[in-house]
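# Chains, contacts and geometry: an overview
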Amino acid sequence: MDSSSASPAAAASSPAFAFSSPPPVENPRSPFSKPRPPSSISRPSYLVETPSRPRAPSSSSSRTIYSDRFIPSRSGSNFSLFDLSLPPSASSSSSSDAGREDGSGAYAALLRAVLFGPDQGVAPPATPDRSSAAVAGRSPSSSSSTSSSVAFSTPSRNIFRYKAEVPRYSLAEQFEDELPGFSHIHPRAPRKVPRSPYKVLDAPALQDDFYLNLVDWSSHNVLAVGLGNCVYLWNACSSKVTKLCDLGVDDSVCSVGWAQRGNHLAVGTNQGKVQIWDASRCRRIRTMESHRLRVGALAWSSSLLSSGSRDKIILQRDIRAQEDFVSKLTGHKSEVCGLKWSHDNRELASGGNDNRPVLKYSEHTAAVKAIAWSPHVHGLLASGGGTADRCIRFWNTVTNSHLSCIDTGSQVCNLVWSKNVNELVSTHGYSQNQIIVWRYPTMSKLATLTGHTYRVLYLAISPDGQTIVTGAGDETLRFWNVFPSPKSQLRYSKP
């Protein structure tokens, strides 16, 4: 209301406005609901008449004061929301302040009790009423000085002290039962890896040779193991064992590798041959030659099969073509014992006894058999060195750079990444024969597993990415649950 358009007489006839706390809303807005749009209505001006104090008769009439200041009334405040109780001295103060229109007596007494403690004899500063001063026979100045001296007395000891006994509740605890779509977030606990294998199988005639790769796990949950001159299949669902092939007394199995999809299994032999088998029918499809020495490494990329040999050569074979190989890769100066295609089938990593993981990297100082591509970061490659090296190194093949290195303390035989979380497993030989679960990129150890009495030369991971199988020269296969399932990966990952 504009003060220039209202006369004093009209203002005196209208009642004075007293503003109190707004009434409780019947349907309170959820804390997660969308915010209401701001109102476009301009803020009104309020006419507030302040009653004048009793004063001596004067020739001038009382004036009406116009203001837009909002004066709250705390008479309707609910102090129980703050877990505060009114002190006993507040009852008398409330009764004495009942005549005030703003009802601030109870609030003042409560505030005084919280700041200075109950029954401390501390009175709030107040301006004495002239009428009461006249009845008491005191002048206004003497009354004011007395009240002021009381107001500035020494405060109680619990000023600025927090109320320790007030319970504190999180927002999740208040709304967990009321909101059906709300999920309570628990603090992430460190994942526990079982320290013992849940299954141990005998594997007689499993060779203790660092340069061979005799264990692989198919996408159809079938484990292939080369034992001596034979290849056996173990179905993880039914535990059924099938003898796939027997190479005879003149030859032996040096490597096995499943195709990425389907039932085709490649078998590398000591005589330099590569056989392709249909595992569902236990039937050999074809035999490819061209290697002069044993084939210890195999890697599939769709219908393309790469084979690495002791003759230092890598042959690329297309099983759909009639030729034994379509291209040849040279560059290693010693036996090729590690081969892995990247997940996008664009890059082939090879490791050999000439200490080179991938043909262009040469930081390792011992044979490189352990090679693994990360399924989480494009171009991230991990490689492990032999007895004289003992290190796991990480490479960025996109920028052609060496990222980091960690000394494991023993020969690195195999590496495999988890499909579900950003972790990897390494198996080791001399001198500790351990299995280590690492969290990348911090390379902190989640678990160290022991049980094998020989070098842990063989490693494969299950199709669901939760279980690994390890093989050693102690002629045992051990199955370990080391990685979480895809459904539970949100609870553990992201460092």
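Residues numbered from 1 in each chain as written. Predicted model: local features only at pLDDT ≥ 70, side-chain atom pairs only at ≥ 80, totals over all residues. Heavy atoms only, no water.

## A short note on the overall build of the protein
Scanning the protein for helices and strands turns up six helices and 26 strands. Relative to its full complement of 495 residues, the protein shows a buried share of 40%. Contacts in the protein between residues far apart in sequence, at least 24 positions, make up 47% of those at least 6 positions apart. Entry remark: accessible area of the protein is about 28400 Å², with carbon and sulfur atoms responsible for 52%. (Helix = DSSP H or I, 4+ residues; strand = E, 2+ residues; numbered from the N terminus. Buried < 20%, exposed > 50% of the residue type's maximum accessible area, 1.4 Å probe, protein only. Contact = heavy atoms within 4.5 Å. Areas by Shrake-Rupley, 256 points an atom, 1.4 Å probe, with all protein chains shown as cover.)

## Observations regarding the pairing of strand β25 (residues 467–472)
Counting buried positions along β25 gives six out of six residues, so the element sits mostly inside the fold. Neither face of β25 is exposed, since Thr467, Val469 and Gly471 on one face and Ile468, Thr470 and Ala472 on the opposite face are all buried. Looking at chain direction, strand β24 (residues 456–461) and β25 are connected through five bridges and run antiparallel. Note on β25: the bridge partner recorded for Leu459 is Thr470. (Pairing = 2+ DSSP bridges.)

## Regarding the sheet that holds strand β21 (residues 423–428)
Sheet architecture is open: four strands sit in the order β20-β21-β22-β23, paired in antiparallel fashion. If you trace the sheet from one side to the other, it starts and ends with β20 (412–417) and β23 (444–449), each paired once. Averaged over all adjacent pairs, the angle separating strand axes in this sheet is 20 degrees, with direction ignored. Here strand β22 (residues 435–439) pairs with β23 via five bridges, running antiparallel. Bridging from a neighbouring strand, Val437 pairs with Ala447 of β23. (Axes fitted to C-alpha atoms, helices over the stretch in contact; angles between N-to-C directions.)

## Some details on unusual backbone geometry
Of note, the bond from Tyr430 into Ser431 is cis; its omega dihedral lies within 30 degrees of zero at 10 degrees. Locating Ser431 in the fold gives a position in the loop between β21 and β22. A positive phi angle, near 55 degrees, is found at Asn433, a position not held by glycine. With respect to the helices, strands and loops of the structure, Asn433 is situated in the loop between β21 and β22. One non-glycine residue with positive phi stands out, namely Glu475, at about 60 degrees. Residue position: Glu475 is located in the loop between β25 and β26 (476–481). You can call Glu475 partly exposed: its relative accessible area is 35%.

## Let's talk about the packing of aromatic side chains
Under the defined criterion, the tally for this structure stands at seven aromatic pairs. With 5.1 Å between their ring centres and 45 degrees between their planes, Trp234 and Phe479 make a pair best called tilted. Pair noted here: Trp234 is in strand β4 (residues 230–235) and Phe479 is in strand β26, with a separation of 245 residues, a long-range link. Considered together, Trp234 and Phe479 belong to a single accessibility category, that of buried residues. (Phe/Tyr/Trp six-rings, centres within 6.5 Å; stacked < 30°, edge-to-face > 60°.)

## Observations regarding the UniProt feature "repeat: WD" (unreviewed entry) in the protein
Per the UniProt annotation, the sites labelled "repeat: WD" (unreviewed entry) are residues 246–287, 329–355 and 449–482. The span residues 329–355 is 0% helix and 44% strand, and its two end C-alpha atoms sit 17 Å from each other. Spanning residues 449–482, this segment combines 0% helix with 56% strand, and its end C-alpha atoms are found 10 Å apart. (UniProt positions renumbered as here; feature names shortened; annotations may be inferred.)

## Remarks on the nonpolar core
By size, the foremost hydrophobic cluster in this structure holds 34 residues, and its most contacted members are Leu223, Leu265 and Leu477. Of all the elements in the fold, those that place two or more residues in this core are β2 (215–217), β3 (222–227), β4, β5 (241–246), β6 (253–258), β7 (264–269), β24 and β26. Of all the elements, β3 adds the most residues to this core, at five residues. If you look at the next biggest cluster of nonpolar residues, it comprises 16 residues, including Leu459, Ile461, Ile468 and Trp480. (Core = buried A, V, L, I, M, F, W, Y, C linked by side-chain atoms within 4.5 Å.)

## Focus on the sheet that holds strand β1 (residues 199–202)
What the four strands build is an open sheet, ordered β1-β26-β25-β24; its pairing is antiparallel. Two strands bound the open sheet, and with one partner strand each, they are β1 and β24. Averaged over all pairs of adjacent strands, the angle between their axes in this sheet comes to 20 degrees, without regard to strand direction. For β1 and β26, the ladder comprises four bridges, and the chain directions are antiparallel. Bridge pairing in β26 links Asp202 to Thr476.

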